[in-house]
Amino acid sequence: MLPVLAFVGWMVVRMAETQSAAIERSGQDTARMLAVAIDRELTAMATALQVLSTSPSLRSGDYAAFHATAIEVLRSKDVRREGVHIVLTEANGQQIANTRRAYGEPLPRTAVPDLVRRAAEASQTQISGVFRGAIAGQLLVAVAVPVVQDGQPTRVLSMSVPTDVLAGVLKRQELPGGWIAGLWDREGLFITRTAAPQSSAGTPVPPEVVRVTAAETSGTFPFVTRDGVRFFNAFARSDTSGWTVTVGVPQAVISEPLTQSVLLVLTGGGILLALSLMMALAVGRRIAGPVAALADSARALGRHGPSATTGIIERTPIREVNDVAGALASTAQRLRDSEAQQRLVMEAVGLGVWRFDARGGRFYGSDRTAELLGSAASDGTSIEAWIRNVSADYRDGLRSAFYRDGPAAGEFETEFPVGSPDGRVRWLMMRGSFLAEAAPGAARAVGILEDVTERRRAHEEQLGELVGRHAADRRLFAAIIESSTDLIVAVDQDLRILLFNGAYQREIESLYGRRPEIGRSLLDLMDGVPDAIDRARVLWGRALAGETFTIVEEIGNPALRRQRFELAFGTMVDSSGRRIGAFRIARDIGERERTQEALRQAEETLHQIRKMEAIGQLTGGIAHDFNNLLQAIGSALFLIQAGQDGASTGAGTAKALDLATEAVKKGATLTQHLLAFSRRQRLEPKSVNVGALVEGMSGLLERTLGGTIRIATESASGLWAARVDPNQLEMAILNLAINARDAMPDGGALTIATANCPAGSAGRPADLAPGDCVRIAVADTGQGMGEEVAARAFEPFFTTKGVGHGTGLGLSMVHGLAAQSGGTVTLDTAPGRGTTVTLYLPRADAQDATAPAEGSMGKALPPQCSATILVVEDEVLVRMGTATVLEQAGFRIMEASSGPEALEVMEREPEVDLVLTDYAMPGMTGLELIRALRTRRPDLPVLMVTGYAEIPKAASVDGLVIMQKPYRAEELVGRIRRTLAAPSILAAQ
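Each value, and the rule that gives it
- Sequence positions are assigned chain by chain, starting from 1 and proceeding in written order.
- The predicted origin of the model limits local features to residues at a pLDDT of at least 70 and limits the giving and counting of side-chain atom pairs to 80 or more, whereas totals for whole chains, interfaces and linings rest on all residues.
- The side-chain figures draw on all heavy atoms in the structure; neither hydrogens nor water molecules are used.
- UniProt positions are given in the numbering used here, feature names are shortened, and annotations may be inferred rather than shown by experiment.
- Strands here mean DSSP runs of E at least two residues long; helices mean DSSP runs of H or I at least four residues long; both are numbered from the N terminus.
- Each residue is placed in one exposure class: buried if its accessible area under a 1.4 Å probe, protein chains only, is under 20% of its type's maximum, exposed if it is over 50%, and partly exposed if it falls in between.
- Contacts are assigned to residue pairs with any non-hydrogen atoms lying within 4.5 Å of each other.
- We define a salt bridge as a contact between a side-chain nitrogen of Lys or Arg and a carboxyl oxygen of Asp or Glu at a distance within 4 Å.
- Residue types Ala, Val, Leu, Ile, Met, Phe, Trp, Tyr and Cys, when buried and joined through side-chain atoms within 4.5 Å, form a set referred to as a nonpolar core.
- Pairing between strands is defined by DSSP: at least two bridges between them are needed.
- Note on definitions: angles span 0 to 180 degrees between N-to-C directions of axes, and those axes are lines fitted to C-alpha atoms, for helices only across the stretch in contact.
- Confidence of the prediction at every residue is given by pLDDT, a number between 0 and 100.
- Two helices cross in a left-handed way if the nearer one is turned anticlockwise from the farther one by less than a right angle. They cross in a right-handed way if the turn is clockwise.
- Put simply, two rings from Phe, Tyr or Trp (the six-membered ring, in Trp's case) pair if the centres are within 6.5 Å, and we call them stacked under 30 degrees between planes, edge-to-face over 60, tilted for the rest.
- A ring is scored as having a charge over it whenever the NZ atom of a lysine or the CZ atom of an arginine sits within 6 Å of its centre and within 35 degrees of its normal.
- What the arc measures is the spread of directions leading from the helix axis to the C-beta atoms.
- Whenever a nitrogen or oxygen atom comes within 3.5 Å of another N or O atom, the pair is scored as a polar contact, on the condition that within protein one atom can donate a hydrogen and the other can accept it, and that pairs from neighbouring residues in sequence are kept only if both atoms are in side chains.
- Think of it like this: strands point away, you trace from the first strand over the helix to the second, and a clockwise trace means the crossover is right-handed.

Per an unreviewed UniProt entry, the chain carries the name histidine kinase and comes from Azospirillum rugosum. Check the Catalytic activity (unreviewed entry) section of the UniProt entry for the chain; it says "ATP + protein L-histidine = ADP + protein N-phospho-L-histidine."

This is the structure in structure tokens:
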């Protein structure tokens, strides 16, 4: 009897354990399903935000229109939730628009500045933890996406959702009674729970739970509440947000089947065992003979179970033996009743019981087992008779489970479909375990059979619901894309079109005259435009290789229409991260460029107005300085004249000539300062080693500043080259050094420091153009300036020095050089603290050549054979002076006062070696004259001189050499000789 009781008890315990394991697995599946539901909700929010980030009103800065668009999105049936709102935020955390408030109302700073900062810095979607809103004080979670313009994140768009919404997502999964679902963020704070969601939101998760769940993405753990209630908990981590979803099942729910089964077995078995022992002891005291027979009967009952009958023991004259025999018969009947009861219990819960004898290949099953398998086979028949209704694709799996090559041991579990005569298909799950046998090869297995059709159907319905929601999200996303005015298209790895919106179809038909179609090659649309096909291969190849970039290009068939677009390319990947294609978003930037051009013209007009305002200030200073120069030249000419009338013309005449020459030099310097201030000075920018240039000026600065000023230079390691005119940079540094000397009458220290200023580094001036720069800081320990003086420091002719001690053009010249070179200049000063002037210059390209060594201009040129030069100048005095200088240099000179006269001279004297012409002349400009001469003699050397800073369309003339007035005579002669000596560019062509 004991083995039978043990077997029945084991079967009941196994059944209870199986049910408990099923509940635990269901808890794990439910946790993963809830994590998927949370991911789907967050993905839908992120998708809606990414589409909104491409809104035209947002790109154009029309925040009122964007506010209205965001409200419309929230009203849609797929997004509408109570308390959900969308916020547009600056990268610094200041809210711009909030759908919770009417547009224009004052808005606070965001409650999640860290989320905004991460989204802006990473340029990727970010998800917050639980936080309290800045306006309503409600507990929220938020999804944030960057708003990218011109390849840079400028603002952040976020959608905030009350924690109650996520509680609704958990509750919609319809958890079994007594089960509790919870959700907490990456910081270990509860977002919501299905039980008491209001009181639990924002509270910390127990530390021991955080430690257990931190190392794995899914798993299980036990937990005891404060009330002493034990829970089995399954958890899963959200791939999208990093949040943790947990499902708690009371341990009592899991243990209840096992407890009841063990109690039933122990009670029934104990009663039967006690009765048997009492009867055996009573009979054993009174008889000794029939004990063996009784033992044999007991063993037969143990071997054959309840099927053993009372006929095993014949009646004896001993009443006690007869009583024992009756007891054995009664026990057999009770065992049969117990087995029937157990069978009823199994059938009540829908389980079938079976056992299998591997030695004989026999299968034994209950009526419920036969019903589930749809088999009429009787106990003890072959396994094949029982599984004939199982789908053929699954029979081999069942055979492998029962017939094993190695030792038959351990447990197994398998699911398979079974057909029925009415055409329905049910799914069964068979669980079994092989029993340990002493005899080799005598393997036996026992187990249960369960109908899991409804459970599978429920699981498939849940999956179908998830798929339906996903499809709804995709339809919303498709509707938003279709309504966009941007041209959106996606292709696969072979450049076959996967999708496009209506705007793309209309524009492509207009630009290329062909209609796009799904599955058609994108390159077919450009048939007949080979350049467009080649360019498309290059750009799409970059995107398909994983690169994300934005460019501006003009596309279209030249025979139809071409238009400029901003093209944003990106890569599409599947869930595993594998690249599957690419997409492109094209935006018409014609209107934006027209707006920018109008703004540029307006800024230019404002600049001209300001310049005209400064002319009044310039006039007095220019008149004063040029009167002084004219006075010096007049005095010098008077001395020369007096020297010619007198007896001696030696030292006095030389001194007068030096005086006149110096005055001319000062006039030229003053003109350079004026041009630098107006940003129209003719510069010759080169790649300059600024550190070497400053070091090279050390001697000049020491002689200029005197012994009371200590000069120090500091150059950072790895200093970049700057793109600037080296001569003008030297003049600017010298002017700054002289200003510093005048600010330190009692001596002091002057420091010139050079360093790199990378793009995006802190402390860059706001008006500095993007890109790498080189910084030159000139600092002194002088008196410094007050706010009023510093505000006017860069104005022309503004000076705090006495009369005759400064023109007031030094700092304005530095400002003009920086602006014309593409940089800027800053001033940091305070009374008693000294002054630091910092010059920012753009970094030179790597391919630029370094600045050539100075000094070659002053070298004497070798004599040259006589050449014929035609001098064209409408100003008589200038023409006479230039001709005299050139004649003394050994050239043969011909003169003309205008362009037409010069053409007549060329007709008479075609053997002219070089033409020297002014630019501004009545009737025909020098540039027009050069073009006319080039039509007759394409290889004719030409040198043009001008007092203007800029000459329109001068770059269109190949090989044109331009000199700036005023110039020194030796410079003119040297330039003419080099031009004559150089091979003709046009002739070489």
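**Q** Tell me about the overall build of the chain, residues and numbers included.
**A** Tallying secondary structure elements over the chain gives 28 helices and 34 strands in all. Counting across all 989 residues of the chain, residues that qualify as buried make up 42%. Contacts in the chain between residues far apart in sequence, at least 24 positions, make up 58% of those at least 6 positions apart.

**Q** Could you give an account of the side chain of Ser 200, naming the residues involved and the relevant values?
**A** Along the chain, Ser 200 turns up in helix 6 (residues 197-200). Ignoring anything within four residues of it in the chain, the contact list for Ser 200 reads Phe 190, Thr 192, Arg 193 and Ala 195.

**Q** I'd love a proper account of the pattern of salt bridges, names of residues and values included.
**A** Per the stated rule, a full pass over the model turns up 31 salt bridges. Close ionic contact of Arg 75 with Glu 72 constitutes a salt bridge, the shortest N to O distance being 3.2 Å. Highlighted residues: Arg 75 and Glu 72, both in helix 3 (residues 63-75), separated by three residues, approximately one helical turn. The exposure class assigned to Arg 75 is exposed, which follows from its relative accessible area of 52%. Classification of Glu 72 as partly exposed rests on a relative accessible area of 48%. Its salt-bridge partner being Asp 486, residue Arg 587 comes within 2.3 Å of it at the nearest N-O pair. Pair noted here: Arg 587 is in strand 22 (residues 579-588) and Asp 486 is in the loop between helix 14 (453-483) and strand 18 (487-492), with a separation of 101 residues, a long-range link. Across the pair, Asp 486 and Arg 587 agree in class, each one buried. Through salt bridges that share partners, Arg 25, Glu 413, Arg 431 and Glu 450 make up one connected network.

**Q** Can you explain the nonpolar core? Please cite residues and give values.
**A** Residues Ile 38, Ile 86, Leu 88, Leu 157, Met 159, Leu 183 and Trp 243 are the most contacted members of the largest nonpolar core, which totals 49 residues. By residue number, the principal contributor to this core is helix 1 (residues 2-53), which donates 11 residues. If we skip the residues at most four places from it in the chain, Ile 38 touches Leu 166, Val 169, Leu 170, Leu 183, Trp 243 and Val 245. Core analysis: the second largest hydrophobic core is formed by 34 residues, Val 690, Leu 750, Leu 811 and Leu 841 among them.

**Q** So what about the sheet that holds strand 21 (residues 561-573)? Which residues, and what values?
**A** Strand order across the open sheet formed by five strands is 19-18-22-21-20, with antiparallel pairing between neighbours. Because the sheet does not close on itself, it has two edges, and the strands there are strand 19 (497-500) and strand 20 (549-557). Within this sheet the neighbouring strands show an average axis-to-axis angle of 30°, counted without direction. Two strands pair when backbone bridges link them, and strand 18 and strand 19 are joined in this way by three bridges, in the antiparallel orientation. In the sheet register, Val 489 faces strand 19, and the bridge partner there is Phe 500.

**Q** So, the confidence of the model for the chain: which residues are in play, and what are the values?
**A** Of the residues in the chain, 78% have a pLDDT of 70 or more, and the chain-wide mean is 79. Below pLDDT 50 for its whole length, residues 985-989 participates in five contacts with residues either more than four positions away or in separate chains.

**Q** Tell me about the packing of helix 20 (residues 698-705) against helix 21 (residues 726-742), residues and numbers included.
**A** As a packed pair, helix 20 and helix 21 sit with axes 10 Å apart at the nearest point and diverge in direction by 35°. Both helix 20 and helix 21 take part in a crossing whose hand is right-handed. Touching Leu 701, Thr 704 and Leu 705 of helix 20 are Leu 734, Ala 737, Ile 738 and Arg 741, all from helix 21.

**Q** Talk me through the packing of aromatic side chains; I want residue IDs and the actual numbers.
**A** For the coordinates displayed, the defined rule picks out 14 aromatic pairs. An angle of 50° between the planes, with centres 4.9 Å apart, marks the rings of Phe 356 and Phe 402 as tilted. On the criterion of sequence distance, the pair formed by Phe 356 in strand 12 (residues 351-357) and Phe 402 in helix 13 (residues 392-402) is long-range, its members being 46 residues apart. Phe 402 shares its class with Phe 356; the two are buried. Each residue in the set Trp 354, Phe 356, Phe 363, Trp 386, Phe 402, Phe 412 and Phe 434 is aromatic and connected to the rest through ring pairs, giving one cluster. Here the guanidinium or amino end of Arg 193 rests over the ring plane of Phe 190, the centre of that ring lying 5.7 Å away.

**Q** Explain helix 25 (residues 899-908) residue by residue, including any values.
**A** By the burial criterion, the buried members of helix 25 are Gly 899, Ala 902, Leu 903, Val 905 and Met 906. Down the axis, helix 25 shows its buried residues gathered within 160° of arc, on one side only. Counted as exposed and oriented over 90 degrees from the buried face of helix 25: Glu 907 and Arg 908. Buried residues belonging to helix 25 abut strand 30 (868-872), strand 31 (892-896) and helix 26 (926-936). The N-terminus of helix 25 is capped by Ser 898, whose side-chain oxygen sits 3.4 Å from the backbone nitrogen of Glu 901.

**Q** So what's going on with the pairing of strand 31? Residues and values would help.
**A** In the sheet, strand 30 pairs with strand 31 via five bridges, with the strands oriented parallel. Bridge pairing in strand 31 places Leu 870 opposite Met 894. For the handedness criterion, the β-α-β arrangement of strand 30, helix 24 (residues 876-888) and strand 31 is classed as right-handed.

**Q** An account of helix 20 is requested, with residue identities and associated values reported.
**A** Helical geometry note: an α-helix holds 3.6 residues per turn, so side chains three or four residues apart project in the same direction. Listing the buried residues of helix 20 in full gives Ser 698, Leu 701 and Leu 705. Seen end-on, helix 20 carries its buried residues on one side only, within an arc spanning 65°. Turning to helix 20, the residues buried within the fold contact helix 19 (690-696), strand 24 (709-715), helix 21 and strand 26 (748-757). Phi for Gly 706, located one or two positions after helix 20, is positive at around 90°.

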